[in-house]
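# Observations on the model geometry
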Amino acid sequence: MGELCLMRHGRVEMFHIKRFLGRTDAPLDERGRQQARWWGERLGPGHFDTVWCSELSRSRETAALVACGGAVTPMPELSEIDLGAWDGLPMAELKQRDPAAFEARGKDLAGFRPPGGESFANLAQRVVPALEKILALAAESERDHLVVGHLGVNRVFLAHVLAMEFGSIMRIEQNYACMNRIRPGKHEPRLVSMNITPELLGLAAEF
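About the criteria used
Residues numbered from 1 in each chain as written. Predicted model: local features only at pLDDT ≥ 70, side-chain atom pairs only at ≥ 80, totals over all residues. Heavy atoms only, no water. Helix = DSSP H or I, 4+ residues; strand = E, 2+ residues; numbered from the N terminus. Buried < 20%, exposed > 50% of the residue type's maximum accessible area, 1.4 Å probe, protein only. Contact = heavy atoms within 4.5 Å. Areas by Shrake-Rupley, 256 points an atom, 1.4 Å probe, with all protein chains shown as cover. Lys, Arg positive; Asp, Glu negative; His and termini not counted. Charge placed at Lys NZ, Arg CZ, Asp CG, Glu CD. Core = buried A, V, L, I, M, F, W, Y, C linked by side-chain atoms within 4.5 Å. Phe/Tyr/Trp six-rings, centres within 6.5 Å; stacked < 30°, edge-to-face > 60°. Pairing = 2+ DSSP bridges. Axes fitted to C-alpha atoms, helices over the stretch in contact; angles between N-to-C directions. Parallel < 35°, antiparallel > 145°, perpendicular 65-115°, else oblique. Nonpolar A, V, L, I, M, F, W, Y, C, P; charged D, E, K, R; others polar. Left-handed = near helix turned anticlockwise from the far one by under 90°. Salt bridge = Lys/Arg side-chain N within 4 Å of Asp/Glu carboxyl O. Disulfide = S-S within 2.5 Å.

## Details of the overall build of the protein chain
Looking only at helices and strands, the protein chain features seven helices and six strands. Secondary structure elements in the protein chain, listed N-terminal to C-terminal, are β-α-β-α-β-α-α-α-β-α-β-β-α. The buried share among the 207 residues of the protein chain stands at 47%. If you take every contact in the protein chain between residues at least 6 apart in sequence, the share linking residues at least 24 apart comes to 70%. Total accessible area on the protein chain stands at roughly 10000 Å², and carbon and sulfur atoms take up 51% of it. Between the mean site of the 25 positive side-chain charges and the mean site of the 27 negative ones, the protein chain shows a separation of 3 Å.

Next up, the structure:
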């Protein structure tokens, strides 16, 4: 039986600015490419039966580097949460501009929707069925299946696997280029490991 290997994309440009990053197509920086190449070298060509990503460049490039030239299939359902009018804004700026909305989000993470955007509950409605289909493929395979997702995408699916309320997803850490291993079960999936990063396994922390 294979496993679903759920990654977050590698580090992005301007990573040091704490901002709402949803559909804004922020590219990987050189460290992010290095992280993805490290996974590709460690696992080797042909490790995965299938490789999936979102349509955003940071996910697609990470997947291509990890797959070592193998086929990568974009899936629209795996795109990061749509943050509407908030997308790309620094959190400090939004907090100052509209403190009431910022506070409302904190009180209802699962249900709050920025203007023109999605809630985490909305995100889960498209992400969970898509990843459950790939998990079903893993149950019928001898090799693993890779999905390169995003912070919000990964959090809602991991919360689903762990039967957590979506309002608690900020408790789930997902560092850049981390790997999570999910094993299909007879009745429910099992989270084997979570948030395993290249740096944790030996990639030098500094260039």
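## Topic: the nonpolar core
In terms of nonpolar packing, the biggest core is built from 33 residues, with Leu131, Val147, Phe157 and Ile182 touching the most fellow members. Elements with a minimum of two residues in this core: strand S1 (4-8), helix H5 (120-139) and helix H6 (151-161). Filtering out sequence-adjacent residues up to four positions away, Val147 remains in contact with Leu4, Cys5, Leu6, Met7, Trp52, Leu78, Leu131 and Ile134.

## As for the packing of aromatic side chains
In the structure shown here, the tally under the stated rule is three aromatic pairs. On the basis of an interplanar angle of 50° and a centroid distance of 5.1 Å, the ring pair of Phe20 and Trp86 is categorised as tilted. Within this pair, whereas Phe20 is found in the loop between S1 and helix H1 (30-43), its partner Trp86 is found in the loop between strand S3 (73-74) and helix H3 (91-97), the two being separated by 66 residues in sequence. Each member of the pair, Phe20 together with Trp86, is buried. Here Trp86 and Phe112 contribute two aromatic rings whose centre-to-centre distance is 5.3 Å and whose plane-to-plane angle is 40°, an arrangement assigned as tilted. Residue Trp86 is found in the loop between S3 and H3, and its partner Phe112 is found in the loop between helix H4 (99-107) and H5; the two are separated by 26 residues along the sequence. Residue Trp86 shares its accessibility class with Phe112, and that shared class is buried.

## Focus: the sheet that holds S1
One key point about sheets: their strands pair by backbone hydrogen bonds, in either a parallel or an antiparallel sense. Spatial ordering of the open sheet is given by S3-S2-S4-S1-S5-S6, a layout of six strands whose pairing is mixed. Two strands lie at the open edges of the sheet, namely S3 and strand S6 (190-196), each paired on one side alone. Lying on the sheet, H6 is in contact with S1, strand S4 (144-149), strand S5 (179-183) and S6; it crosses S1 at an angle near 140°.

## Details of the packing of H5 against H6
Direction vectors running N to C along H5 and H6 enclose 75°, while the axes themselves pass 9 Å from each other. Relative to H6, the element H5 lies roughly perpendicular. In this structure, H5 uses Phe120, Leu123, Ala124, Val127, Val128, Leu131 and Glu132 to contact H6, whose residues at the interface are Gly152, Val153, Val156, Phe157 and His160. Residues that form the contact of H5 with H6 fall into these classes: nine nonpolar, two polar and one charged.

## A few points about the packing of H1 against helix H2 (residues 57-66)
H2 packs onto H1 with a crossing angle of 35° between their chain directions and a minimal axis gap of 7 Å. Crossing handedness for the pair H1 and H2: right-handed. In contact with Arg33, Ala36, Arg37, Trp39 and Gly40 of H1, H2 contributes Glu61, Thr62, Leu65 and Val66. Split into classes, the residues belonging to the contact of H1 with H2 amount to four nonpolar, two polar and three charged.

## Some words on the pattern of salt bridges
When the charged atoms of two side chains lie near each other, side chains of opposite charge can form a pair. Taken as a whole and assessed by the stated rule, the structure comprises 13 salt bridges. The partner of Arg23 in a salt bridge is Glu118, and the shortest N-O contact between them spans 3.8 Å. Taken together, the residues Arg23 in the loop between S1 and H1 and Glu118 in the loop between H4 and H5 connect sequence positions 95 residues apart. Under the relative-accessibility criterion, Glu118 is labelled buried at 14%. Lys107 is paired through a salt bridge with Glu103; the nearest N and O atoms lie 3.2 Å apart.

## Looking at the side chain of Ser79
Structurally, Ser79 is set in the loop between S3 and H3. With residues near it in sequence (within four places) discarded, Ser79 still touches Arg23, Ser54, Glu55, Leu123, Arg126, His150 and Val153.

## Some words on the state of the cysteines
Summed over all chains, the structure comprises zero disulfides. This cysteine, Cys5, is not joined by any disulfide, and Cys178 carries the nearest cysteine sulfur, 12 Å off. We note that Cys53 lacks a disulfide partner, and the nearest cysteine sulfur, in Cys68, lies 15 Å from it.

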